[in-house]
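# Understanding the architecture of this molecule
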Amino acid sequence: MAIEKMKLIGIIGKITQVNKILRLIILSGSMHVINSLTKVSSNDFVLPPNEENIKALEEVPFLKPYTSRRDFSREEEVVRSLLDIFDLNPAIKPEYFDQDYEFDDFMKQIFEIHSAVHSIAESIEAKKRTIEQKRVYINNLRYLENYKFNIGKLSKMHFLSFKLIKLSKENYMKLKKNYENIPAVVLKIADEGKNVVVASITPKSLDETVERIFSSLNFTELPLPEDFDGTSKAAIKHLEASINEDNSAIDSMLKSIEDFRTKYSHEIEKAYARLEMEKKVEEVKTNLAIGKNLFFMFGFVPASYVDKLKSSLKGTFGEDIIIIIEDAEKKTPGITPPTKLNNIALIRPFEEMVKMYGVPSYNEKDPTLFFALSYLLLFGAMFGDVGQGLVLFLSGLLIKYLTSKTVFGGVLASIGLSSTIFGFLYGSVFGSEEVIPALLVRPMANINFMLAGAVALGIVLTIFGFIYNIINSYIDRNLEDGIFSRNGVTGLVFYILLIYAVYSYAVGTGVLSPAIPISLVVLILLMVFKQPLAGRLMGTGIHFKESPVDYYVEEGFGALETVLSAMSNTISFIRVGAFALNHVGLYIAFDTMAEMASSGIASYLLLVLGNVVIICLEGLIVFIQALRLEYYELFSKYFRGDGVEYEPVKIRLTHKPLRGKNLIKRFIGLDYAI
Amino acid sequence: MDRVTRFAAVNTKIRALEGDFLKNQHYVEMLRQKSIQELAGYLKENTPYRKLLGDINPDAVNRATLEEILRRNMVNNLDKLLYFFYGTYREFLKALYLKYEIEDLKNLARDIYNNSKSDLENRPYSFIGKYSKVSSEHVLKAVTLREFILALEGSEFYDYVEPLLDGKRENLFRLEMALDMAYFSILKKSSEKLEKGDRKIVEEYEGMVSDLYNLQWIYRGKKYYMLSPEELLNYTIDMGNRINFFKRRQLCYSRNLEELNNMARELGYGFLFKKEETGDIYMERRINRFLYYRLRALSKRYPMSIIQAIAYTQFLEFEIRDIISIAECIRYNLSPEESGRFLIRVL
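Note that the structure is a prediction, hence the values are computed from the model and not measured.

Criteria and cut-off values
- Residues numbered from 1 in each chain as written.
- Chains lettered and ligands numbered in written order.
- Predicted model: local features only at pLDDT ≥ 70, side-chain atom pairs only at ≥ 80, totals over all residues.
- Helix = DSSP H or I, 4+ residues; strand = E, 2+ residues; numbered from the N terminus.
- Buried ≥ 20, exposed ≤ 12 C-beta atoms within 10 Å, placed from the backbone.
- Contact = placed C-beta atoms within 7 Å.
- Pairing = 2+ DSSP bridges.
- Expected span 1.5 Å × (residues − 1).
- Axes fitted to C-alpha atoms, helices over the stretch in contact; angles between N-to-C directions.
- Core = buried A, V, L, I, M, F, W, Y, C linked by C-beta atoms within 7 Å.
- Parallel < 35°, antiparallel > 145°, perpendicular 65-115°, else oblique.
- Arc of directions from axis to C-beta.
- Nonpolar A, V, L, I, M, F, W, Y, C, P; charged D, E, K, R; others polar.

### Observations concerning the overall build of chain B
Of the regular secondary structure elements, chain B holds 17 helices and 0 strands. Here chain B, with 347 residues, has 36% of them falling under the buried criterion. Long-range pairs, those at least 24 residues apart, make up 62% of the contacts in chain B between residues at least 6 apart in sequence.

### Describing the interface of chain B and chain A
As a measure of interface size, the accessible area lost when the parts come together is often cited. Between chain B and chain A, the residue contacts involve 17 residues of the former and 15 residues of the latter. At the level of elements, α10 (172-191), α12 (229-234) and α13 (245-252) of chain B are the ones that each hand at least two residues to the side of chain B that touches chain A. Per-element tally for the side of chain B that touches chain A: the top contributor is α12 of chain B, with 5 residues.

### Examining the pairing of strand β2 (residues 6-14) of chain A
Residues and elements named next belong to chain A. Where burial is concerned, most of β2 is hidden: 7 out of the 9 residues are buried. Across 6 bridges, β2 lies against strand β11 (residues 322-327) in antiparallel orientation. Directly across from Ile 12, in β11, lies its bridge partner Ile 322.

### Regarding the pairing of strand β7 (residues 195-203) of chain A
Residues and elements named next belong to chain A. Where strand β5 (residues 160-168) lies against β7, 9 bridges are found, and the strand directions are antiparallel. Bridged to Ser 161 within β7 is Thr 202. In the sheet, strand β6 (residues 185-191) pairs with β7 via 6 bridges, with the strands oriented antiparallel. Bridge pairing in β7 links Ala 190 to Val 197. The turn joining β6 and β7, which pair antiparallel and follow one another in sequence, is formed by 3 residues; a positive phi near 85° is taken by Gly 193.

### Quick notes on helix α13 (residues 386-402) of chain A
All names here are of chain A. Given a rise of 1.5 Å per residue, 17 residues ought to cover 24 Å, and the 24 Å separating the end C-alpha atoms of α13 matches this to within 8%. For α13, the complete set of buried residues consists of Val 386, Gln 388, Gly 389, Leu 392, Gly 396 and Lys 400. On its buried side, α13 packs onto α14 (406-426) and α22 (600-638).

### Focus: the environment of Gly 558 of chain A
Residue and element names in this part refer to chain A. Tracing the backbone shows Gly 558 in helix α20 (residues 548-572). Judged by local crowding, Gly 558 falls into the partly exposed class, with 18 C-beta atoms found within 10 Å. Put simply, Gly 558 and Val 528 are 30 residues apart on the chain and 7.8 Å apart in space, counted from C-alpha to C-alpha.

### Section: the sheet that holds strand β8 (residues 220-221) of chain A
Residues and elements named next belong to chain A. The strand order β6-β7-β5-β8 describes an open sheet built from 4 strands, whose pairing is antiparallel. Edge positions in the open sheet fall to β6 and β8, since each of these has one partner strand only. Strand contacts of helix α7 (residues 169-177): β5, β6 and β7, with the helix running at about 130° to β5, the strand carrying the most contacts.

### Considerations on unusual backbone geometry
Of note, Asp 87 of chain A is a non-glycine position whose phi angle comes to about 55°, a positive value. Looking at where Asp 87 of chain A falls in the secondary structure, it is placed in the loop between α4 (73-86) and α5 (103-142). A positive phi angle, near 50°, is found at Met 226 of chain B, a position not held by glycine. Checked against the element boundaries, Met 226 of chain B lands in the loop between α11 (196-225) and α12. For Met 226 of chain B, a count of 7 C-beta atoms within 10 Å puts it in the exposed group.

### Quick word on the nonpolar core
The biggest cluster of nonpolar side chains holds 72 residues, and the ones touching the most others in it are Val 161, Ala 178, Leu 179, Ala 182, Tyr 183, Ile 218 and Ala 309 of chain B. The greatest single-element share of this core, amounting to 13 residues, is contributed by helix α6 (residues 87-113) of chain B. Grouped together as the second largest cluster of nonpolar side chains are 43 residues, Ile 110, Ala 273, Val 281 and Phe 298 of chain A included.

### Quick word on the packing of helix α15 (residues 447-476) of chain A against α20 of chain A
All names here are of chain A. In the contact formed by α15 and α20, the axes pass within 7 Å of each other and the chain directions differ by 125°. Taken together, the axes of α15 and α20 lie oblique to each other. Contact residues: Val 455, Gly 458, Ile 459 and Thr 462 in α15; Asn 569, Thr 570, Ile 571 and Ser 572 in α20.

### Notes on α4 of chain A
All names here are of chain A. Taking 1.5 Å as the rise per residue, α4 with 14 residues should run 20 Å; its terminal C-alpha atoms sit 20 Å apart, in good agreement. The complete set of buried residues in α4 reads Glu 75, Val 78, Val 79 and Leu 82. End-on view of α4: buried residues confined to an arc of 95°, all on one side of the axis. Away from its buried face, by an angle of more than 90 degrees, α4 presents the exposed residues Ser 73, Glu 77 and Asp 84. Residue Asp 87 follows α4 closely and has a positive phi angle near 55°.

### Quick word on the packing of helix α1 (residues 18-28) of chain A against helix α9 (residues 232-285) of chain A
Residues and elements named next belong to chain A. Here α1 crosses α9 at 100°, and the two axes come no closer than 10 Å. In terms of orientation, α1 and α9 fall into the roughly perpendicular class. Contacts between α1 and α9 involve Asn 19, Leu 22, Arg 23 and Ile 26 from the first element and Met 277, Lys 280, Val 281 and Val 284 from the second. Class assignment of the residues belonging to the contact of α1 with α9 gives a composition of 5 nonpolar, 1 polar and 2 charged.

Right under this line is the structure:
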């Protein structure tokens with residue numbers, strides 16, 4: 001329930017084995033690779049000088065980055081076209097990488113398959129093209145089907161030329177209106193809406209003129225088969241027969257492709273998977289440091305995976321590989337350990353919402369738990385309703401299990417649940433307050449309580465924010481931030497005193513003791529002088545990051561801002577109460593309209609509509625408002641979010657659909673059936 | 001829909017954009033500049049174009065880059081109008097803008113034909129793919145006209161250019177004609193979907209445009225290209241204000257230029273053919289100047305109508321044309337008085 005511990009692992013192996021080693025690492029999917037040269041050249045890189053390491057030590061001065069990036073475009077093209085021809089769905093399964101293989105040797109065999117299959121595929125394509133051509137002829141001949149003359153004779157006339165052409169309707173109208181000037185017989189044969197098909201007969205000597213005129217009308221000539229003797233009907237019959245012949249030829253070729261498919265489909269799938277793997281390997285290689293015979297790589301691995309990775313590497317490569325394991329806490333400039341959040345399943349979806357703001361750094365305290373709980377509290381308080389909450393909850397579950405948006409579904413289900421709980425506290429079901437009693441309070445009847453309660457909640461949450469920052473600063477050993485800053489101990493005391501002062505002034509419990517204003521001023525002074533104070537205490541001397549004048553001007557205004565923001569941050573939480581009221585108010589508006597409606601059905605429909613509007617519109621607003629309170633009022637206090645996300649190199653394996661998911665689908669299907 | 005709801009907002013936008021048009025004084029001073037760089041500098045220092053030329057070094061500007069900058073600005077401004085329309089009006093406006101896209105397509109086709117596409121750097125054809133479904137990526141990759149035509153597949157132009165793919169007609173002339181015909185045909189179809197009042201106004205304006213271009217086409221076809229009357233007629237735009245189909249046919253079958261000239265005068269378009277010897281080079285300018293005044297009149301007469309957007313578009317085009325003309329005149333060392341005669345705007 002926090003940020004997972006990391007180990008820094010170094011691997012030194014033979015260059016001849018680099019691909020195999022990387023394959024294993026990628027399959028394990030647990031290493032966040034970092035730039036190895038940065039690590040090797042940093043001064044905390046030590047390799048104990050013993051016999052085992054002697055070869056590696058010799059190479060250290062000669063290490064250089066891996067630069068020659070391999071181009072896989074030919075392999076990719078071949079694999080793609082084979083997948084296409086065989087109509088296979090590419091899949092990546094771990095067993096494809098089980099045996100020991102050399103990628104290039106393996107690909108040679110794939111290339112051979114490809115060249116055999118490719119020529120067949122080509123001739124199928126060629127046949128298909130001739131069929132296409134014949135279809136075009138048939139289509140064109142159909143226009144002449146009703147005429148019982150020999151089309152062969154028509155196209156072989158000596159002095160006249162016959163043509164079938166297509167024109168757009170606009171252009172046909174132009175032709176028609178100027179028909180008396182056209183040196184051709186033009187006969188409209190078919191009208192196809194946008195286009196018109198006409199036959200034209202011209203003396204051969206005027207062919208060119210007519211062609212130019214038709215060109216200016218943007219004509220398309222419809223080709224007819226040459227060398228055919230007989231009517232259009234007969235020609236169509238003949239063509240159809242030859243298409244059938246072609247088709248059976250294609251079938252037999254497809255058959256032989258099918259044979260190839262059954263024989264090699266497994267190999268092709270494997271080729272795809274291995275190619276993807278090789279591309280990944282190439283990507284990882286850019287982070288390696290390469291020597292003469294050895295390569296060095298470094299990466300972070302979660303502590304719980306270290307043994308597994310180590311034993312599988314040692315098991316496969318034995319003495320050929322040197323593995324170094326270091327603690328991630330050791331600080332190397334330029335190398336930040338990645339953050340892997342590890343929370344219980346229930347609040348895991350909220351990790352994404354934290355990451356929207358920033359990834360927690362490795363040393364920071366994971367804020368997800370606090371974030372999730374406070375977010376649920378805020379959302380529920382603003383949107384408390386049993387019915388509407390359940391709608392959110394159920395739709396969250398549906399989204400989570402039926403689509404791939406598990407994060408969104410998870411969040412939605414959680415906030416729905418929280419809303420339901422608050423619904424019971426407020427005694428509200430789909431807006432109506434008459435169905436169940438309120439366990440805690442009816443918002444509309446106790447407006448002052450709601451608003452004051454919201455502010456009180458805000459104060460509590462803000463104090464938690466302070467505590468988080470103090471813990472984080474302690475972990476970081478940051479005295480300045482933890483003790484003296486406005487978000488540290490000083491700030492916390494100042495905040496509590498200020499709230500107390502304002503409270504007693506507002507309630508009017510008499511005169512404030514003079515100690516309070518004095519201590520407030522002292523605390524402010526502490527905050528202004530935080531850097532020199534911390535410097536003195538730590539014994540590092542007084543160092544200003546910028547010039548002292550700038551520092552004091554900035555901190556002077558900072559003090560003013562502290563006072564203002566302490567108040568505004570707190571009052572900001574009043575919106576929690578306001579939205580709870582707003583929620584009821586919106587329903588009342590629809591309820592009133594429903595009462596005014598004349599018929600029962602209309603009022604029922606209005607209530608349904610009201611609920612839909614409230615769930616969609618107000619739900620969204622409250623979702624955003626709660627997020628705003630979290631990010632702006634709380635995260636700005638204690639959360640830095642400048643970490644690096646843990647991104648292990650891995651290859652996405654294709655899984656079979658999970659049984660659990662099917663079960664739920666079936667379960668829901670059953671539900672609908674009932 | 002209520003005219004006010006449809007046009008009030010866009011008209012306000014147009015007024016605001018029109019505030020950036022150059023004034024007469026600007027033109028007079030631009031004509032006095034001695035080099036393209038000075039011209040760019042003047043635009044940058046003294047005119048509303050300063051926003052546009054803000055981070056451009058005037059000394060590095062040549063005619064082509066200047067034109068490209070101005071055209072890109074035009075794309076931006078036209079886009080602004082588009083946001084105010086939806087449905088058939090938006091379609092119409094896009095169809096209207098296709099004119100500029102087709103201009104770019106034709107330029108590209110010309111460059112492909114002349115094998116001079118290498119200076120892509122200078123002429124990135126800003127408009128291609130902006131308003132039509134043309135994929136600029138595909139079109140720009142084309143090396144032959146055939147590839148160019150095939151690259152238009154899927155766009156609204158493809159129906160018009162597809163018939164050219166018979167192996168004989170893949171030439172520049174046919175292609176340009178087909179694209180032009182496509183423009184007017186698409187424009188006509190989309191204008192027919194406007195509401196009645198706007199449809200009438202568009203018919204009047206586009207009819208006038210077609211009259212002028214048809215006359216110009218027939219004149220040029222007869223004088224320079226020796227085309228047959230049938231071909232001339234087939235390539236005319238199928239719209240018209242004073243010139244209907246039968247008048248158009250008469251014009252095409254006129255026996256000589258004298259007769260054509262007389263017929264044009266009877267139709268009230270005699271100004272296109274003034275007696276001067278050099279008349280032809282001014283013909284384009286005369287058409288534009290005539291349209292400029294007609295548009296001014298129309299947009300005054302119909303304040304709440306689509307003509308406002310049309311007029312803005314056209315005025316913006318005229319302004320850019322004039323700036324480019326000035327740039328060209330400067331380059332060929334023409335005196336300001338001489339150059340002034342090539343401008344659409346009367347100074």
